[in-house]
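Here is how the chains run, residue by residue.
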Amino acid sequence: MLSRRKKTRPWLKTQHQELHLLTQITQIFDESTSLSMAFQQFGEFFSLHVNMIGSAIYFYDQKLDCFSLLFSYGKGEIFGKHTQLSSHDLELCSIRPQEFGSITLTTLQTENTFPHAFLQTCAEQTIVSLAHIPLVAHGGKYGMFLMASKDLHHIAKEDIEFFTILTRHIRLATEKSLLTEQFESEVASKVSQLQESEEKYRVLFEDASDAITLIDFATQQIIEANRQAEFLVGYSKDEMLRLTVSDFWLREDEKRLSRALLRLVKKQRSIKLGERQILRKDSRLLWVEINASAVEYQGKHVALAIIRDISERKQVELEKEVIQAVNKALISSHDGQDVYTTVSQTLLNFFAFERMDIFLPGSKAQTVRVFVSICQDRGQSVKQTDREFLQEGTPIERVFRRGIPEIISYREYKSNLSLAEMLGKTLQTSLFFPLEYKNNIMGVLHFGSVRQGSFSPQHFDFLQRIASQIAIAIENMVLFHKMNEERAIYKHLIENVNEIVFQADPGGKILFVNHRVRDILGYTPEELNGVDFFTCVIPEDLEEARAAFRLTLRHEQPLSGEYRVFHKNRSILTISIYTRPIFEEGRVVGMQGIIQNITPPPSRFPAPREGLHELIGRSQKMQEIYELIMSVAKTDSTVLIHGESGTGKELIAQAIHVYSHRKNKPFIVVNCAAYSENLLESELFGHERGSFTGAHRRKLGRFELAKGGTIFLDEIGEIPLHSQILLLRILQNRTFERVGGEKTLEAEVRIVAATNKNLEEEMKIGRFREDLFYRLNVISIEVPPLRQRKEDIPHLVEHFLKIYSLNTGKQVVKCSQNAMELLMNYDWFGNVRELENVIERAVVMAAGPVINPADLPTKLHQERTVFRSIEETFVASASLYDQEKQLILQTLETTNWNKYRAAKLLGITRSTLYSKIEKYQLSQKDETAV
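Residues numbered from 1 in each chain as written. Predicted model: local features only at pLDDT ≥ 70, side-chain atom pairs only at ≥ 80, totals over all residues. Heavy atoms only, no water.

By the naming in an unreviewed UniProt entry, the chain goes by Sigma-54 interaction domain protein and is assigned to Vecturithrix granuli.

Listed below in structure tokens is the structure:
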């Protein structure tokens, strides 16, 4: 049996009513109607003339590339569940959004399922037909209009034109409405933002964590201030509006500066002041930072100042600064004036005062003595007196008794006016603070101010931190002065004995030594004062000497022993030393020692050496160096070689290595001046892979490469301070780590260093560490310049002639007498290296086997005019004795008796010149005899 085919109906209910429908719809989308209301009315009206139970409008979203639901009417559950439909979703639903069409759901169903959830939702609502009508703008996708019905429908050809006009009208009305709403929304948003901004700025101004003030450029008057400004300076807002900027500065120069700063703000529009102190209402000074800029306020240009309270940060900085300053003064000096001046100057940054005093107990009961007074109004004048006065009934007596700080106002307490007159008639308030040492109040620290309210209990915590340091400084200075008095008692007695008598502190630092030390060890007393006694002891006897020193102090009994020490010329002496402890108030405060020289006399005098290793020279100075090299080569002690450039410092280091038990191990040379700070650390200690940019592999440092041997640190004076600390650790602990490494390595090497700088002067100016110097300077070798050992020049010339004759293939065997005289008369400020270069040049220039004056550089031919004048006036005498005497006297006369210049012109040392002057009994009165 054949089934009847169901008939489909058009979507429009009424025919030939299209114009009327469009007119009604146009009236619905009126400008006065909101878009949501218009769509609601459109849905109600349209459902009356179209066969549908629901409709929806989707707009295309380019960013998301999908169609989003804008409006739905009727069966909301159909479209409300699918607010977004992608192009793929529509394709599965057979909906082409850019074409007119109508789909029947039953044709899309397969085995009771639909290809998309949207169709499934429609089927659940008994929807049979869906019509899709495109919304097009400028030829592109704009949206689509969907209609749903429970019957079968088709879009008639005559209806397509109607739906086209309808959708175009919907699109235009929607765009217009959306643009209107957007514009109104933006206008409302701007108005709201302006209102919110004004309120926000007012809130920000009032609730800002920093103080903010507005200042009139012309009058310096404060015209506005926030709550934080009131809190910061202690004035109410009404009070502040009656003040000017100058009222917040303490000094007159600051008041004048404020006017100049306001002019600068007006000109430059913005400035930033550094750390400044302003005056609060309660007379306390407050540390602040100020940023000022020019702004417009109520139609007028004013200065806006943002003031930040940095008092807490400044207090921490000042506490650290004062403690460091006191510690530094305490360590570096026993002079009270340095300590007190440092403390007072630093404390002035913390609070204002005009006078600082330290009171100590007096010699009688109920009295105190003024240990020190510092008056700021007199330009930091420091007075140390022993003036005493009665303390009964004064704040000083109460602080001594209770140990509690006290602040007094002389205006409120009339009973203290006598104390005010004694301290200073103009003082208005004072702060008395206890100085506690070993649970006892040993003194009272006093600050006086000419202003009320300069001090507060807020200062107590800070003063508590420095009071103990000041107490220790005073105790140490008192102890130091007492020790000086004790030394003065013994000084006269021990200056004339035949032994060395010295006193040292518990750490071994020499405090006093008599003049006998010059005869035995070669040092003056001034050279040894403040030096560690153990620096003179050879390394092999060092531990034994330290142990004996500790036993003397620990058992508080005298001890004696024999040790080997270095003479100033680095020869080794054997001494006998007797030590006993020094007591004060029942405790050991140091040690006194007596030293005798028990070195046996030499049994023979060895013949002078021609040279040693690659060193050349027969002079006495070189013989002393040879002997010193042979002595120190047997030990592992650190050696410091000092001498001018070109004197052969590296050859001395090589000789020490060659004659040591390490001779078969590496000898590593490091020129410290050739590397930057970062490269030097890597060069000395090595680095791990990846420890810095470019460190692609592990590198062994020079200390590892020199394991078991000797490392020679040339130009040690050029090492930067950071690297000096690392080198000091190696000298102390014999350990180090590679750069970027964590493993601690042992430095099993012998260290030899060299420099052409005066390291003691470098220490004074802070470029070389004192502790590193004394670690390096265990054994010192002073290399004389060539001009001080000219007797070695012929031997050096002979040595270099052999070398460069062989190198050049020439047979140059000697120098002529005239050429040798030129070489001997030249001062050789480049030392042996310069001489070597001159001989190399002469061998190249020589035409025969003998070097003549013409083969030598021009600078050697320039004779010294001083000696020429002496030769012209020289009168031959009958003996060599008279000739030498006359030559020395004439040279002294020519140099106006300048011993240094005379010795340099004569080619001898100053000590030799002094001995010649004493030998010939020369004096300036002998000039007339010349």
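A. Spatial organisation of the overall build of the chain. Secondary structure summary: the chain contains 31 helices and 38 strands in total. Counting all 930 residues of the chain, 45% fall into the buried class. Intrachain contacts of the chain at a sequence separation of at least 6 include 59% that bridge at least 24 residues. Put simply, the chain shows about 50,100 Å² of open surface, and 50% of that area lies on carbon and sulfur atoms. (Helix = DSSP H or I, 4+ residues; strand = E, 2+ residues; numbered from the N terminus. Buried < 20%, exposed > 50% of the residue type's maximum accessible area, 1.4 Å probe, protein only. Contact = heavy atoms within 4.5 Å. Areas by Shrake-Rupley, 256 points an atom, 1.4 Å probe, with all protein chains shown as cover.)

B. Molecular detail of the pairing of strand S24 (residues 572–584). Summarising the sheet, strand S23 (residues 559–566) and S24 pair through 8 bridges and their orientation is antiparallel. Note on S24: the bridge partner recorded for Gly-561 is Ile-577. The antiparallel hairpin formed by S23 and S24 contains 5 residues in its connecting segment, where Arg-570 sits at a positive phi of about 75°. When S24 meets strand S25 (residues 587–597), the two strands line up antiparallel, connected through 10 bridges. The partner of Phe-583 across the bridge, within S25, is Val-588. If you look at the hairpin formed by S24 and S25, you'll find 2 residues sitting between the two strands, and Glu-585 has a positive phi there, around 55°. (Pairing = 2+ DSSP bridges.)

C. Quick peek at unusual backbone geometry. Despite not being glycine, Asp-65 shows a phi value in the positive range, around 55°. Examined against the element boundaries, Asp-65 turns out to sit in the loop between strand S2 (54–61) and strand S3 (66–74). Even without glycine at this site, Gln-220 takes up a positive phi of about 65°. Position of Gln-220 relative to the elements: it lies in the loop between strand S9 (211–216) and strand S10 (222–225). By relative accessible area, Gln-220 is classed as buried at 11%.

D. Layout of the side chain of Glu-406. Looking at the element boundaries, Glu-406 is found in strand S18 (residues 406–409). The class for Glu-406 is buried, based on a relative accessible area of 16%. Side chain to side chain, Glu-406 and Arg-398 meet in a polar contact 2.4 Å long. Residues contacting Glu-406, with those up to four places away along its chain left out, are Pro-395, Arg-398, Val-399, Ser-430, Leu-431 and Phe-432. (Polar contact = N/O pair within 3.5 Å; in protein donor to acceptor, adjacent residues only side chain to side chain.)

E. Structural detail: the packing of aromatic side chains. Following the criterion strictly, the structure yields 16 aromatic pairs and no others. Between Tyr-60 and Phe-67, the ring centres sit 5.1 Å apart and the planes meet at 55°, which makes this aromatic pair tilted. Pair check on accessibility: Tyr-60 and Phe-67 agree, each one buried. Members of the aromatic cluster, connected to one another through ring pairs, are Phe-502, Phe-533, Phe-534 and Phe-549. Here the guanidinium or amino end of Arg-546 rests over the ring plane of Phe-534, the centre of that ring lying 4.5 Å away. (Phe/Tyr/Trp six-rings, centres within 6.5 Å; stacked < 30°, edge-to-face > 60°. Lys NZ or Arg CZ within 6 Å of the ring centre and 35° of its normal.)

F. Layout of the environment of Ser-246. One can find Ser-246 in the loop between helix H8 (237–240) and helix H9 (252–268). Taking C-alpha positions, Ser-246 is 8.0 Å from Arg-259, a pair spaced 13 residues apart along the chain. In contact with Ser-246, not counting residues within four places along its chain, are Gln-220, Lys-255, Ser-258 and Arg-259. Polar side-chain contacts of Ser-246 include one of 3.3 Å to the side chain of Gln-220.

G. Region of the structure containing the sheet that holds S25. Pairing is antiparallel across the open sheet formed by 5 strands, whose spatial order is S22-S21-S25-S24-S23. Pairing within the sheet leaves two strands with one partner each, and these edge strands are strand S22 (510–513) and S23. Ignoring strand direction, the axes of neighbouring strands in this sheet form an average angle of 30°. (Axes fitted to C-alpha atoms, helices over the stretch in contact; angles between N-to-C directions.)

H. Layout of the environment of Met-240. Among the structural elements, Met-240 can be located in helix H8. For Met-240, a relative accessible area of 2% translates into the label buried. Along the backbone, Met-240 and Glu-230 are 10 residues apart, and their C-alpha atoms lie at a distance of 7.7 Å. Once residues lying within four places of it in the same chain are set aside, the contact partners of Met-240 are Thr-213, Ile-222, Ala-225, Ala-229, Glu-230, Val-233 and Tyr-235.

I. Focus on helix H27 (residues 831–845). In a regular helix each residue adds 1.5 Å, so 15 residues correspond to 21 Å; H27 covers 21 Å between its end C-alpha atoms and thus fits that length. Buried within H27 we find Asn-831, Val-832, Glu-834, Leu-835, Val-838, Ile-839, Ala-842 and Val-843. (Expected span 1.5 Å × (residues − 1).)

J. Quick peek at helix H19 (residues 649–658). H19 sits mainly inside the fold: 7 of its 10 residues count as buried. Those residues of H19 that sit buried are Lys-649, Ile-652, Ala-653, Gln-654, Ala-655, Ile-656 and His-657.

K. Inspection of the sheet that holds S10 at higher detail. With respect to topology, 5 strands assemble into an open sheet ordered S10-S9-S13-S12-S11, the strand pairing being antiparallel. This sheet does not close on itself; its edge strands, each paired only once, are S10 and strand S11 (270–279). When the angles between neighbouring strand axes are averaged without regard to direction, this sheet yields 30°. Bridge analysis of S9 against strand S13 (residues 300–309) gives 6 bridges, and the strand direction is antiparallel. Paired with Ile-215 across the strands is Ala-303, a residue of S13. Docked against the sheet, H9 engages S9, S11, strand S12 (285–297) and S13, running at close to 160° with respect to S11.

L. A look at the pattern of salt bridges. One pass over the structure, following the stated rule, counts 25 salt bridges. Among the ionic pairs, Arg-662 bridges to Asp-636, the shortest N-O distance being 3.2 Å. With Arg-662 in the loop between H19 and strand S29 (667–671) and Asp-636 in the loop between helix H18 (620–633) and strand S28 (639–642), this residue pair connects regions lying 26 residues apart in the sequence. Look at Arg-662 and you get buried, because its relative accessible area is 4%. Note that Lys-859 is salt-bridged to Glu-834, the shortest N-O span being 2.7 Å. Taken together, the residues span a long stretch of sequence, with Lys-859 in the loop between strand S38 (850–851) and helix H28 (865–873) and Glu-834 in helix H27 at a distance of 25 residues. With a relative accessible area of 36%, Lys-859 lands in the partly exposed category. Among the charged side chains, a network of salt bridges with common partners joins Glu-688, Arg-698, Glu-704 and Arg-738. (Salt bridge = Lys/Arg side-chain N within 4 Å of Asp/Glu carboxyl O.)

M. Region of the structure containing the nonpolar core. The biggest cluster of nonpolar side chains holds 31 residues, and the ones touching the most others in it are Phe-42, Phe-46, Met-147, Phe-163 and Leu-166. Only helix H1 (18–28), helix H2 (35–49), S2, strand S6 (129–137), strand S7 (140–149) and helix H6 (157–207) provide two or more residues apiece to this core. Setting aside residues up to four positions removed in sequence, Phe-42 forms contacts with Ile-25, Ile-28, Phe-29, Phe-71, Phe-145, Leu-166 and Ile-170. With 29 residues, the next largest nonpolar core counts Val-670, Cys-672, Phe-685 and Leu-772 among its residues. (Core = buried A, V, L, I, M, F, W, Y, C linked by side-chain atoms within 4.5 Å.)

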